[in-house]
Amino acid sequence: MAELVFFSGTMDCGKSTLALQMDHNHRARGRGGVRFSRNDRAGKSRISSRLGLQTDAVEVGDGTDFWEEVMRRRTQGQRVDYLICDEAQFYSPEQVEQLAKVVDEIDVDVFAFGITADFRTRLFPGSQRLIELADRVQVLQVEALCWCGRRATHNARTVDGVMVTEGAQVVVGDVDMAMDPAATVESGHVPVVGYETLCRRHFMRRVTAHGANLMAEQDQLLPFEVDACLWHGTGGTGAAGAPGGTAI
Ligand SMILES: Nc1ncnc2c1ncn2[C@@H]1O[C@H](COP(=O)(O)OP(=O)(O)O)[C@@H](O)[C@H]1O
Ligand SMILES: Cc1cn([C@H]2C[C@H](O)[C@@H](COP(=O)(O)O)O2)c(=O)[nH]c1=O
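Owing to the predicted nature of the structure, the values given are computational and were not obtained by experimental measurement. (Residues numbered from 1 in each chain as written. Chains lettered and ligands numbered in written order. Predicted model: local features only at pLDDT ≥ 70, side-chain atom pairs only at ≥ 80, totals over all residues.)

Observations concerning the overall build of the chain
Secondary structure assignment for the chain yields six helices and eleven strands. The proportion of buried residues among the 248 residues of the chain is 35%. Restricting to contacts in the chain with at least 6 residues of sequence separation, those with at least 24 account for 69%. (Helix = DSSP H or I, 4+ residues; strand = E, 2+ residues; numbered from the N terminus. Buried ≥ 20, exposed ≤ 12 C-beta atoms within 10 Å, placed from the backbone. Contact = placed C-beta atoms within 7 Å.)

Structure follows, in C-alpha cells:
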C-alpha cells in the first residue's frame, strides 16, 4: 500500500541527501519516479545536497497541481510509482492535499522532505498540512548540532550575522552564510541573510555561535575567576564552552 511520508528535521540534517538516496534506491529496483523541488539553494529545478550530489527536478510553482502532473505522465505512458518532494515546506496546503490524493487514489508513494518550522518557530503552512495528513512523520537520524553541542531543534535566521525574529517567512539561504556584524559597516552593503541551527535554549536566549564567542572573549577580560559551575559543560565547540565562562 502506498504511503505519504514526511521526512523532517532542521536545516542541514541531511534531508536532500536522503531524498536523492531514496530516489536512487527505488529507481535501481526498476520503479518509476518523479522528483520535485521548490526554491532549492542551487537554483530552479534542482535538488542539491551539501554532500555534493545534485540532480534535476521539476520546479514546483504556485500553479503546480500534483494530481494533474501524475495523471498527465501516466496518460503519456510514463511509469509513476513514487514522488520525491524536496523543500516541501514551501508547498501550499492544497498541494499537500493533492499529494495525499495521489497516494490514496492511484497508489503512488509520496516521500516529502522539509523543515517544519521557520525562523520564528512557526510551522510553514505546507509542513503543517503534511504533519496533519502524513501516514508517518519521520525525524531524520542525523542530528544538526547547536554550537553548544546539544541537538539543534530550531532554525535561526541572521541578517549580517545578527539573529532576527521578524521578516518574510521565505528567504532562500544557507547555514554557512552567517557573518561577522563588524564586517558590514561599509556603505552600499547588501544585507546577508544566513541561517544557524540552535538548541531551544540558545534560540530562546538568541545566542548564536558568534554571540557566544563574543561573550567568551568578554569573560576572558574579567579580572576574577567566574565560578566553574556556571559552565553547563556540554562539550561546546566555541570558546564559550570553556570552563569558567559565563553561563549562556
Ligand atoms: N564535507 C562534508 N563531509 C561530510 N558530511 C557533510 C559534509 N558537508 C555536509 N555534510 C553532511 O550533510 C548534511 C547536510 O545535508 P543536506 O542534505 O544538504 O541537508 P538538508 O537538506 O537537511 O538541509 C550535514 O548535516 C552533514 O552531515
Ligand atoms: C528557517 C527558514 C528557512 N528558509 C529557507 C532557507 C533554505 O533555503 C530552506 C531550507 O533548506 P534546507 O535544505 O533544509 O537547508 O528554507 C526560509 O525560507 N525561511 C525560514 O524561516
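A closer look at the nonpolar core
Within the largest apolar cluster, 30 residues are counted, with the highest numbers of intra-cluster contacts made by Leu83, Cys85, Leu99, Val110, Phe111 and Ala112. At the level of elements, strand S1 (4–9), helix H1 (15–28), helix H2 (66–75), strand S6 (82–85), helix H3 (93–106) and strand S7 (109–115) are the ones that each hand at least two residues to this core. Discounting residues that sit within four places of it in the chain, alanine 112 has contacts with Val5, Phe6, Phe7, Cys85, Ala88, Leu99 and Leu130. In terms of nonpolar packing, the next biggest core, distinct from the first, is built from 17 residues, Cys148, Ala209, Ala212 and Ile248 among them. (Core = buried A, V, L, I, M, F, W, Y, C linked by C-beta atoms within 7 Å.)

Overview of the environment of threonine 55
Locating threonine 55 in the fold gives a position in strand S4 (residues 54–56). Judged by the 18 C-beta atoms lying within 10 Å of it, threonine 55 falls in the partly exposed class. Along the sequence, threonine 55 and alanine 42 sit 13 residues apart, while their C-alpha atoms lie 10.0 Å from each other. For threonine 55, the contacting residues outside a window of four places in its chain are Leu20, Arg35 and Ile47.

Digging into the packing of H2 against H3
Following both chains from N to C, one finds H2 and H3 inclined at 40 degrees, their axes separated by 8 Å at the closest point. Relative to H3, H2 is oriented oblique. Across from Phe66, Trp67 and Val70 in H2, the residues of H3 making contact are Gln95, Gln98, Leu99, Lys101, Val102 and Ile106. (Axes fitted to C-alpha atoms, helices over the stretch in contact; angles between N-to-C directions. Parallel < 35°, antiparallel > 145°, perpendicular 65-115°, else oblique.)

Considerations on the environment of valine 172
Tracing the backbone shows valine 172 in the loop between strand S10 (162–164) and strand S11 (193–198). With 12 C-beta atoms packed within 10 Å, valine 172 lands in the exposed category. Along the primary structure valine 172 and serine 92 are separated by 80 residues, whereas in three dimensions their C-alpha atoms are 17 Å apart.

Re the site of ligand 2
Close contacts around ligand 2 come from 16 residues, with Met11, Asp118, Phe119, Asn155 and Val172 the closest. If you list the elements that add at least two residues to the shell around ligand 2, you get H1 and strand S9 (154–159). Looking at side-chain class alone, the shell around ligand 2 contains seven nonpolar, four polar and five charged residues. Shared between two domains, the shell around ligand 2 takes at least three residues from each, and those domains are domain 1 (4–139) and domain 2 (154–241). (Near = placed C-beta within 6 Å. Nonpolar A, V, L, I, M, F, W, Y, C, P; charged D, E, K, R; others polar. Domains from an automatic or database assignment.)

Side note on unusual backbone geometry
Across residues other than glycine, the phi torsion is negative in most instances, and most of the peptide bonds are trans. Even without a glycine there, the phi angle at serine 45 is positive, about 60 degrees. Along the polypeptide, serine 45 turns up in the loop between strand S2 (33–37) and strand S3 (46–48). One non-glycine residue, aspartate 160, adopts positive backbone phi at about 50 degrees. Residue position: aspartate 160 is located in the loop between S9 and S10.

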